[in-house]
Amino acid sequence: MKMKMKCLHTLKEDPLIPFNRFHAFVYFFAVLAVVYHRFSLVMNDTSSGVPFSMFASLLVAELVFALQWFTGQGSKWRPVTRREFPERLWEVVEEKQLPKLDVFVCTADPYKEPPVNVVCTALSAMAFDYPTDRLSVYVSDDGCSELTMFAFMEAAKFARHWLPFCKDNNILVRSPEAYFNTSDHHDHSHQKIKIMYQDMKERIDSCMKRGFVSEDMIISQKESELFMEWKRFTRRDHPSIIEILLESDKDKDVSGVPLPNLIYLSREKSSKIAHNFKAGALNSLLRVSGMITNAPVILTLDCDMYSNDPSTPLRAMCYLLDPSMAFDLAYVQFPQRFPGINGKDIYAAEIKHLFQINAQGLAGLCGPNYVGTGCFFNRRCFFGSPSSSSLQNDAICDAKNEGISYSILQKALHSLSCRYEHGTKWGSSIGFQYESIVEDFNTGYRLQCRGWRSVLCEPERPAFFGDAPMSLNDVLGQTKRWCVGLYEVGFSRSPTHGFTCTLISSSQRMLKNSLSLSLEDQRFGNGGMSKGYG
Ligand SMILES: O=c1ccn([C@@H]2O[C@H](COP(=O)(O)OP(=O)(O)O[C@H]3O[C@H](CO)[C@@H](O)[C@H](O)[C@H]3O)[C@@H](O)[C@H]2O)c(=O)[nH]1
Ligand SMILES: [Mn+2]
């Protein structure tokens, strides 16, 4: 790779930093004064008649708030913003030298996560402005649903038209659902593709209503045999499945350009064996993709989050291909953004404090958290520390790319079996972490504790848009899950975890721990609103 380093990105410190620090300094003494005041009241409580327990509990409450405030100061200590210049990438790397990119899309339940939406997420990634022969999309279906499988078979056909349409018309929103909801073109080609999309959607929806894929939807003997398999198992007990829906070497779009690989998989499940939720799914994806395409760069996407800007992978490459960062850069995180809740975000459903303000604060220390989606990883980071020269033994991602042969598929199927990870380091020192249900925070934190760095990439045009939970029940459920998970990390006994990790700076550790302590506040308190710095 001819790498004459042209500036691919810049970093700017927030101009409010001195003010933030001065404010924190003054506030610190104010907090000390309050605590001192309470403390002296507790000590001298002899004559006022107010019970000692009341002053003592106020003191404890004040101390908890003081600790929360103190640990949260990390987000204001050195917030930074970065800018990247993807147009300069071509001065340092040729298009055919771009690294391969594997995109992981996870889905778990066709009734909570409608297959049409999952398909739109995958299509928006397949249509990235990235060489299609270097791009692969893997879908992990933890719901093991014939409905999701059917939706992806339909998507593979639709992609032949959708991808060239997006590229020819220079469309930015490449999730068909989002595109047709916002655009209003009436020319022939738009109308034609819209009808195709609606037709696909109706076919998927009609299967959804029936709850199975009916005979009239199946066009070949092969498809019919495939769906027969589904009749024999349930979502909690079933064997591993891998279906190659599109193969770059063979499949072309209507204009003759190769399509990206599109691979559906569902790991083996047994009701007696723990499957480790999303982290388990991601580790399965890591193994299977390692055998099939083994791309050095991986993008993780939740099925409810679509791409809003096709240039996103090139933006991530501005960091991942920078030789001065390549050694220890684990991931490039794009913030989670949620459109369409309401203009001023009066319900704080966009969680800006968590995804934007804290993220910028961490970005200036030693890197943002991994937030589970919209994150480009260096595959190497899952298999050791930055300095480990070779991959660990259990790692199979150094398999040579021999194309998708029968023997590779058999090996890949074996790696999806539910006992495969027993006695290995998957979920601890290899891959995504199992210890906590917030596998994202835990994995990012663990990588940083091992010496890896991360970068926050926050372009003006949001890179990904997702669905925030809309009902109170969903919000409470999600918040409870996050709180429990963060406590699991904060109070972890692991030597490189919790409040004890020494490999990251103390200000960063403070901020990480503040997340464990104050998520409810960030979400529901005034911290949930966008309030800026200072
Ligand atoms: O057993 C499971 C459970 C979930 N998922 C997938 O995980 C993703 C996230 O799940 P969701 O229910 O949408 O959780 P959220 O609370 O909205 O997700 C946030 O919090 C999670 C846990 O910290 C992160 O994994 C997510 O990336 C982050 O967006 C979805 O694509 C699911 O399909 C699986 O693949 N298998
Ligand atoms: Mn979600």
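Residues numbered from 1 in each chain as written. Chains lettered and ligands numbered in written order. Predicted model: local features only at pLDDT ≥ 70, side-chain atom pairs only at ≥ 80, totals over all residues. Heavy atoms only, no water.

As annotated in an unreviewed UniProt entry, the chain carries the name Cellulose synthase protein and is attributed to Dioscorea alata.

For the pair helix α6 (residues 146-168) and helix α9 (residues 221-230), interaxial distance at closest approach is 10 Å and the crossing angle is 160°. Considering the angle they form, α6 stands roughly antiparallel to α9. The way α6 lies across α9 gives a crossing that is right-handed. Across the interface between the two elements, E146, M149, F150, M153 and K157 from α6 touch E223, L226, F227 and W230 from α9. Its residues placed into classes, the contact of α6 with α9 shows 6 nonpolar, no polar and 3 charged. (Axes fitted to C-alpha atoms, helices over the stretch in contact; angles between N-to-C directions. Helix = DSSP H or I, 4+ residues; strand = E, 2+ residues; numbered from the N terminus. Parallel < 35°, antiparallel > 145°, perpendicular 65-115°, else oblique. Left-handed = near helix turned anticlockwise from the far one by under 90°. Contact = heavy atoms within 4.5 Å. Nonpolar A, V, L, I, M, F, W, Y, C, P; charged D, E, K, R; others polar.)

Within the largest apolar cluster, 95 residues are counted, with the highest numbers of intra-cluster contacts made by V103, W162, V332 and F376. The element best represented in this core is α6, accounting for 14 residues. (Core = buried A, V, L, I, M, F, W, Y, C linked by side-chain atoms within 4.5 Å. Buried < 20%, exposed > 50% of the residue type's maximum accessible area, 1.4 Å probe, protein only.)

Attention shifts here to the site of ligand 1. Taken together, 20 residues lie near ligand 1, and C106, D142, K278, D302 and E439 sit nearest. Within the backbone of C106, a nitrogen or oxygen atom sits 2.8 Å from an oxygen atom of ligand 1. The separation between an oxygen atom of ligand 1 and a polar side-chain atom of W482 is 3.1 Å. In isolation ligand 1 exposes 680 Å². Once the protein is present, 85% of that is buried. Elements with a minimum of two residues in the shell around ligand 1: β3 (101-107), α10 (277-292), α15 (439-449) and α16 (472-490). The greatest single-element share of the shell around ligand 1, amounting to 3 residues, is contributed by α16. Split into classes, the residues belonging to the shell around ligand 1 amount to 7 nonpolar, 5 polar and 8 charged. (Near = heavy atom within 4 Å. Polar contact = N/O pair within 3.5 Å; in protein donor to acceptor, adjacent residues only side chain to side chain. Areas by Shrake-Rupley, 256 points an atom, 1.4 Å probe, with all protein chains shown as cover.)

Attention shifts here to the environment of T148. Its place among the elements puts T148 in helix α6. With 59 residues separating them along the chain, T148 and C207 place their C-alpha atoms 10.0 Å apart. Setting aside anything within four residues of it in sequence, one finds T148 in contact with T107, P110, P115, D141 and Y264.

Okay, the pairing of strand β9 (residues 329-333) next. The buried count for β9 comes to 5 of 5 residues, which makes it a mostly enclosed element. Across 4 bridges, β9 lies against strand β11 (residues 453-456) in parallel orientation. Looking across to β11, one finds that Y331 is bridged to S454. As judged from the 3 bridges shared by β9 and strand β10 (residues 375-378), these two strands associate in the antiparallel manner. By the bridge assignment for β10, Q333 is matched with C375. (Pairing = 2+ DSSP bridges.)

With that out of the way, let us pick up the packing of aromatic side chains. Each pair of aromatic rings is reported with the distance of its centres and the angle of its planes. One pass over the full model with this rule turns up 30 aromatic pairs. For the pair Y27 and W69, a centre-to-centre distance of 4.9 Å together with 20° between the ring planes defines the contact as stacked. Pair noted here: Y27 is in helix α1 (residues 17-43) and W69 is in helix α2 (residues 52-72), with a separation of 42 residues, a long-range link. The class of Y27 is partly exposed, set by a relative accessible area of 38%. One aromatic cluster is present, built from ring pairs that chain together F158, W162, F165, Y179, F180 and Y197. Above the face of the W77 ring, R21 is positioned so that its terminal group lies 4.3 Å from the ring centre. Sitting over the ring of F85, R88 keeps its end group 4.1 Å from the ring centre. (Phe/Tyr/Trp six-rings, centres within 6.5 Å; stacked < 30°, edge-to-face > 60°. Lys NZ or Arg CZ within 6 Å of the ring centre and 35° of its normal.)

As a further point, take unusual backbone geometry. Within the chain, N170 stands out as a residue other than glycine whose phi angle is a positive 50°. The topology assignment puts N170 in the loop between α6 and α7 (176-182). Notably, N276 is not glycine yet its phi reads approximately 60°, a positive angle. Tracing the backbone through its elements, the reader meets N276 in the loop between β6 (261-266) and α10.

Mean pLDDT for the chain: 87, with 87% of residues reaching 70 or above. Scored below 50 in pLDDT, residues 391-401 shows 29 contacts in the model against residues more than four places distant or in partner chains. For residues 523-534, every residue scores under 50 in pLDDT, and the model assigns this stretch 40 contacts once sequence neighbours within four places are set aside. (pLDDT = per-residue confidence, 0-100.)

According to the stated counting rule, one finds 22 salt bridges in the structure shown. Across the pair D109 and R235 runs a salt bridge, and its minimum N-O distance is 3.8 Å. A residue pair is termed long-range when its members are at least 10 positions apart, and D109 in the loop between β3 and α5 (115-126) and R235 in the loop between α9 and β5 (241-246) qualify at 126 residues. The salt bridge partner of E439 is K278, with a shortest N-O separation of 3.7 Å. Taken together, the residues span a long stretch of sequence, with E439 in helix α15 and K278 in helix α10 at a distance of 161 residues. Look at the salt bridges and you will find they share partners, linking E84, D309 and R315 into a network. (Salt bridge = Lys/Arg side-chain N within 4 Å of Asp/Glu carboxyl O.)

A few words now on the pairing of β10. Going residue by residue along β10, you find C375 and F377 tucked away on one face and F376 and N378 tucked away on the opposite face as well. The sheet contact formed by strand β7 (residues 297-302) and β10 spans 4 bridges and is antiparallel. Paired with V297 across the bridge in β10 is N378.

This paragraph deals with the side chain of H9. Among the secondary structure elements, H9 is positioned in strand β1 (residues 9-13). A relative accessible area of 15% means that H9 is categorised as buried. There is a polar contact of 2.7 Å between the side chain of H9 and the side chain of D322. Residue contacts for H9: discarding those within four places in its chain leaves R82, R83, E84, F85, C318, Y319, D322 and M325.

What follows deals with the packing of α10 against helix α14 (residues 406-415). Where α10 contacts α14, the two axes come as close as 9 Å, and the packing angle between them is 170°. As judged from the angle between their axes, α10 and α14 are roughly antiparallel. In this structure, α10 contributes R287, V288, M291 and I292 to the contact, and α14 contributes I408, L409, K411, A412 and S415.

Next up on the list: the sheet that holds β7. Spatially, β5-β6-β4-β3-β7-β10-β9-β11 is the arrangement adopted by the 8 strands of the open sheet, whose pairing is mixed. Every interior strand has two partners, whereas the edge strands, β5 and β11, have only one. Adjacent strand axes in the sheet meet at a mean angle of 20° when their direction is disregarded. Against the sheet, α5 touches β3, β4 (135-141), β5, β6 and β7, its axis set at about 165° to β4. The sheet contacts of α6 involve β3, β4, β5 and β6, and relative to β5 the element is tilted by about 20°.

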